[in-house]
Amino acid sequence: MKIIDIQPYVLSQELENPFYFSQWHYASRKICLVKIILEDGTYGWGEGYGPADMIKTGIEFFKPFILGENVLENEKLWQIMYLRSLDFGRSGIFNAAISAIDVGMWDAKGKLLNQPVSVLLGGVKNPVIHPYATGFYFTDSPTLEEDLAKEAKLYRELGFKAAKMKVGLGLEKDVYYVNLLNQHLGDDVKLMIDSNHAYNYREALELSKRLEHLNIGWFEEPVHPEDYQGYKKLRENTTIPIAGGECEYLRHGFKRLFENECVDIAQPDICATGGLTEAKRIATLASTYHKDIVPHSWGTWIAISAAVHFVSNLDQNPGRMFRDAPMIELDRTENPLRDDVTTHHIKVENGEIRIPTQPGLGVDVNQEFLEKYSIEKDASTEPLWS
Ligand SMILES: [Mg+2]
């Protein structure tokens, strides 16, 4: 079944309540979606993670090489895009553009074959997934501490089994806020911390030592993404599990992370690291190093759904009768694009997600919303992103 059109869209919306983390402030959210249209009218939706205008340009670069090709040969088409960009972008934006098209092709293929993506990936090995809440960003509000306490209460009430907060504001502030939120979340909700590579090895080690007694779920991106030795040393010297990988691209990036024994938990972003096609290869690689995978996700329900289908197919490694369900990241910060751009999305009930059985990814886009927030802008005006 031929692909007859590839339509990228950049959507942007200002936030009512800007927030910040260790690297910068967010005042808006901006995303790149892509619609893959087949000759019989079937279509699929994909999404890229990163600077949206640049991803759109990448999609437009790949478009002529994919048009007229058979969507059922999506792995072949992945290779065409990879070889066309390899010399100029072994990691980064080109990979995110490949990811967006790849996810869109999986969605279209599922709709065409009337099968959910999880089945096309090989089947549902994990029928239940536990999303963890990503939130607790910082704001300039004078009631910040009350707001954070309310947020913790909400996550508890919604049944989340784990939640993640940002650190990287400086050691003293971090220790204060981590203790505060750990108390508010109580014993039933595990707390993870994420510095977004704000620290060097010494700082990350000191923070770890001061928080180890709190039974933290993991310390994410403690050091610079290129500091493989820093990751390795930290992992050897703290009891807190180490997570990372949202800045890694393709299986080659994860090979470096695994070879250097950097992480316990690998966090590929399906919409950046090479799409579902490459994420499946990364999962195979991770299994040979006996690492867990919990995908990074910071997008709409298209990206979240791609992660759900992917995680449903992950191997149990090691397998056992009594084990926790695998996790995915569920960003709970303000994002009207995420909440409104799809007409329906996967339900979270009692802190659990069950794998959707509709064809494709199981989400569709609200065309009216898409047109309302679609923009044409020069890449130089790119606002802040994650
Ligand atoms: Mg992160």
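Residues numbered from 1 in each chain as written. Predicted model: local features only at pLDDT ≥ 70, side-chain atom pairs only at ≥ 80, totals over all residues.

1. Thoughts on the packing of helix H9 (residues 250–259) against helix H10 (residues 275–289)
With their axes 9 Å apart at the nearest point, H9 and H10 run at an angle of 20 degrees to one another. With respect to H10, the axis of H9 lies roughly parallel. By crossing handedness, the relation of H9 to H10 is classed as right-handed. Residue-level inspection shows Leu250, Arg251, Phe254, Lys255 and Phe258 of H9 in contact with H10, the latter providing Glu278, Arg281, Ile282, Leu285, Ala286 and Tyr289. Residues of the contact of H9 with H10, tallied by class, amount to seven nonpolar, no polar and four charged. (Axes fitted to C-alpha atoms, helices over the stretch in contact; angles between N-to-C directions. Helix = DSSP H or I, 4+ residues; strand = E, 2+ residues; numbered from the N terminus. Parallel < 35°, antiparallel > 145°, perpendicular 65-115°, else oblique. Left-handed = near helix turned anticlockwise from the far one by under 90°. Contact = placed C-beta atoms within 7 Å. Nonpolar A, V, L, I, M, F, W, Y, C, P; charged D, E, K, R; others polar.)

2. Thoughts on the domain arrangement of the protein
Per the domain assignment, the segments of the protein are domain 1 (3–114 + 367–381) and domain 2 (118–365). Computed over C-alpha atoms, the centres of domain 1 and domain 2 are 22 Å apart. Each partner contributes to the interface: domain 1 provides 42 residues, whereas domain 2 provides 39 residues. If you tally residues by element for the side of domain 1 that touches domain 2, the top one is helix H3 (residues 93–113), at 12 residues. (Domains from an automatic or database assignment.)

3. Here's the deal with the nonpolar core
Core analysis: the largest hydrophobic core is formed by 114 residues, its most contacted members being Ala97, Ala100, Ile101, Ala163 and Ala306. Top contributing element to this core by residue count: H3, with 11 residues. Among the domains, domain 1 (3–114 + 367–381) and domain 2 (118–365) are the pair contributing at least three residues each to this core. Beyond its immediate stretch of four places on either side in the chain, Ala100 contacts Cys32, Val34, Gly46, Glu47, Gly48, Ile55, Ile59 and Cys271. (Core = buried A, V, L, I, M, F, W, Y, C linked by C-beta atoms within 7 Å. Buried ≥ 20, exposed ≤ 12 C-beta atoms within 10 Å, placed from the backbone.)

4. Points about unusual backbone geometry
The residue after Asn317, namely Pro318, is reached through a cis peptide bond having omega 0 degrees. Looking at the element boundaries, Pro318 is found in the loop between helix H11 (301–312) and strand E11 (327–331). With a phi close to 40 degrees, Glu221 is a non-glycine residue in the positive phi region. Structurally, the position occupied by Glu221 is in the loop between strand E7 (219–220) and helix H8 (228–237).

5. Looking at the UniProt feature "domain: Mandelate racemase/muconate lactonizing enzyme C-terminal" (unreviewed entry) in the protein
According to UniProt, the feature "domain: Mandelate racemase/muconate lactonizing enzyme C-terminal" (unreviewed entry) maps to residues 145–241 in the numbering used here. The distance separating the terminal C-alpha atoms of residues 145–241 is 27 Å; by composition the span is 52% helix and 12% strand. (UniProt positions renumbered as here; feature names shortened; annotations may be inferred.)

6. Quick look at the packing of helix H7 (residues 201–211) against H8
The geometry of H7 relative to H8 is characterised by a closest axis approach of 10 Å and an angle of 25 degrees between their N-to-C directions. Considered as vectors, H7 and H8 are oriented roughly parallel to each other. Of the two elements, H7 crosses H8, and the hand of that crossing is right-handed. Facing H7, whose interface residues are Tyr201, Ala204, Leu205 and Ser208, H8 presents Gly230, Lys233, Leu234 and Asn237. For the contact of H7 with H8, a count of residues per class yields four nonpolar, three polar and one charged.

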